[in-house]
Amino acid sequence: MALSVRVVGVGDAFTARYYNACLLIEADDTRVLVDAPPALARALRDLGDRGGPALGLDDIDHVLITHLHGDHVGGLEQLLFWRRFVTRRRCALHAIPDVLAGLWSERLRGGMEVLMDGDGAKHPLALNDYADVRPLPADPRAPFALGALTVEWRPTVHHIPTSALRFSFRGATFGYSADTAYDPSLIAWLGEADLIVHETNLGVHTPIDRLAALDHSLRDRMRLIHYPDWHDLDASPLASAREGDRYDL
Ligand SMILES: [Zn+2]
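Residues numbered from 1 in each chain as written. Predicted model: local features only at pLDDT ≥ 70, side-chain atom pairs only at ≥ 80, totals over all residues. Heavy atoms only, no water.

Undergrad: Break down the sheet that holds strand S12 (residues 172-176) for me, with residues and values.
TA: Taking strand neighbours across the sheet as the criterion, the six strands line up as S9-S10-S11-S12-S13-S14 in an open arrangement whose pairing is mixed. Whereas interior strands pair on both sides, the edge strands pair on one side only; in this sheet they are strand S9 (144-146) and strand S14 (222-225). Between one strand axis and the next, the sheet turns by 25° as a mean value, whatever way the strands run. In terms of strand pairing, strand S11 (residues 163-169) meets S12 through five bridges, oriented antiparallel. Counted as the bridge partner of leucine 165 is tyrosine 176 from S12. (Pairing = 2+ DSSP bridges. Helix = DSSP H or I, 4+ residues; strand = E, 2+ residues; numbered from the N terminus. Axes fitted to C-alpha atoms, helices over the stretch in contact; angles between N-to-C directions.)

Undergrad: Tell me what's going on with the pattern of salt bridges, and back it up with residues and numbers.
TA: As enumerated under the stated definition, the model contains 17 salt bridges in all. For aspartate 58, the salt bridge goes to arginine 83, with nearest N and O atoms at 3.3 Å. Taken as a pair, aspartate 58 in the loop between helix H1 (40-46) and strand S4 (62-64) and arginine 83 in helix H3 (residues 76-86) lie far apart in primary sequence, 25 residues in all. Residue aspartate 58 is classed as partly exposed on the basis of its relative accessible area of 24%. Taking the shortest distance from any N to any O, the salt bridge between glutamate 192 and arginine 166 comes out at 3.2 Å. Of this pair, glutamate 192 sits in the loop between helix H6 (184-190) and strand S13 (195-199) while arginine 166 sits in strand S11, and the two are 26 residues apart along the sequence. By relative accessible area, which is 58% here, glutamate 192 ends up exposed. Residue arginine 166 is classed as buried on the basis of its relative accessible area of 7%. (Salt bridge = Lys/Arg side-chain N within 4 Å of Asp/Glu carboxyl O. Buried < 20%, exposed > 50% of the residue type's maximum accessible area, 1.4 Å probe, protein only.)

Undergrad: Residue-level account of the coordination of the zinc ion, with values.
TA: Coordination of the zinc ion by the protein comes from His67 (NE2), His69 (ND1), His158 (NE2) and Asp179 (OD), over a distance range of 2.2 to 2.3 Å. For the zinc ion, the donor residues sit on a single chain with the sequence spacing H-x1-H-x88-H-x20-D. Note that histidine 158 is positioned in the loop between strand S10 (149-155) and S11 and aspartate 179 in the loop between S12 and H6, a separation of 21 residues in sequence. Each member of the pair, histidine 158 together with aspartate 179, is buried. (Donors = N, O, S within 2.8 Å, 3.2 Å for Na, K, Ca; no water.)

Undergrad: Talk me through the side chain of asparagine 201; I want residue IDs and the actual numbers.
TA: Counting through the fold element by element, asparagine 201 comes out in the loop between S13 and helix H7 (208-212). In terms of polar contacts, asparagine 201 uses its side chain to reach the side chain of aspartate 12, at 3.0 Å. A distance of 2.8 Å separates a polar atom in the side chain of asparagine 201 from the backbone oxygen of histidine 226. (Polar contact = N/O pair within 3.5 Å; in protein donor to acceptor, adjacent residues only side chain to side chain.)

Undergrad: Explain unusual backbone geometry to me, using residue names and the numbers behind them.
TA: Cis geometry marks the peptide bond from glycine 52 to proline 53, where omega comes out at -5°. Considering the arrangement of structural elements, one finds proline 53 in the loop between H1 and S4. In this structure, aspartate 28 is a non-glycine residue whose phi angle is positive, near 50°. With respect to the helices, strands and loops of the structure, aspartate 28 is situated in the loop between strand S2 (22-27) and strand S3 (30-34). With a phi angle near 55°, arginine 88 is a residue other than glycine that sits in the positive phi range. For arginine 88, the location among the structural elements is in the loop between H3 and strand S5 (91-95). Residue arginine 88 is classed as exposed on the basis of its relative accessible area of 65%.

Undergrad: Can you lay out the sheet that holds S2 for me, pointing to particular residues and giving the numbers?
TA: Spatial ordering of the open sheet is given by S8-S5-S4-S3-S2-S1-S15, a layout of seven strands whose pairing is mixed. Taken across any chain shown, the strands that pair with only one partner, and hence form the sheet edges, are strand S8 (131-135) and strand S15 (246-248). For this sheet, the mean angle separating the axes of adjacent strands, direction not counted, is 20°. Here three bridges tie strand S1 (residues 4-9) to S15, and the two strands are oriented antiparallel to one another. Along S15, the bridge assignment pairs serine 4 with aspartate 248. H3 rests against S4, S5 and S8 of the sheet, and its axis sits at about 150° to S5. (Contact = heavy atoms within 4.5 Å.)

Undergrad: I'd like a description of H3, backed by residues and values.
TA: Among the residues of H3, those classed as buried are Leu76, Leu79, Leu80 and Arg83. Axial view of H3: buried residues confined to an arc of 90°, hence all on one face. Following H3 by one or two positions, arginine 88 adopts a phi angle in the positive range, close to 55°. (Arc of directions from axis to C-beta.)

None of the figures reported here should be taken as evidence of function without further support.
Right under this line is the structure:
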């Protein structure tokens, strides 16, 4: 089996048209969900209408969160509640230390810290009660094993700590920018990959014109994600990822 990338969602934070940006990386029996956007269960199910197979919340054994913005982490509560209370199968939760530091205290704790049983007794819970929490190495230059995959990360230029990622398996490498401003050093790092999925958007994100000006050897290996609803996929100067796309490397 090759290194496989499936596109779960392509939209930005404001989309009324797509699911928020989300990818599924697979190699051998390792499956990693990159980010957990809102409506996650529906997004996974809809893969069945887009080349398939459909997936459910129980099919995700690893979730890797790039950063704490709601369009990237808003479905994590749904995933973790399902796994704890419905199927009782823990999953592994990966993120860089700076993201993990705020994941519980800043994003999840309010809705997940207290469990009330049938008698009304309340029990405190922590993130470790929901998932196997696995920090990425603090040193971004240190490759690490995530199941069958070798993973590397580096910081991006974004409002809050955010990790770009490279996944390797049997000589093939996939690179994901995550959310970032235009950053030539990041693009050079991603450029070592066989396929790159790169974000684009307005404001402090990466302008499409900057990506269109890259050398064709890079552009040809690049697919856009996190684009605004009005992005014209057919007129785009770079190929755009579409929901349900699958890339086998
Ligand atoms: Zn963001």
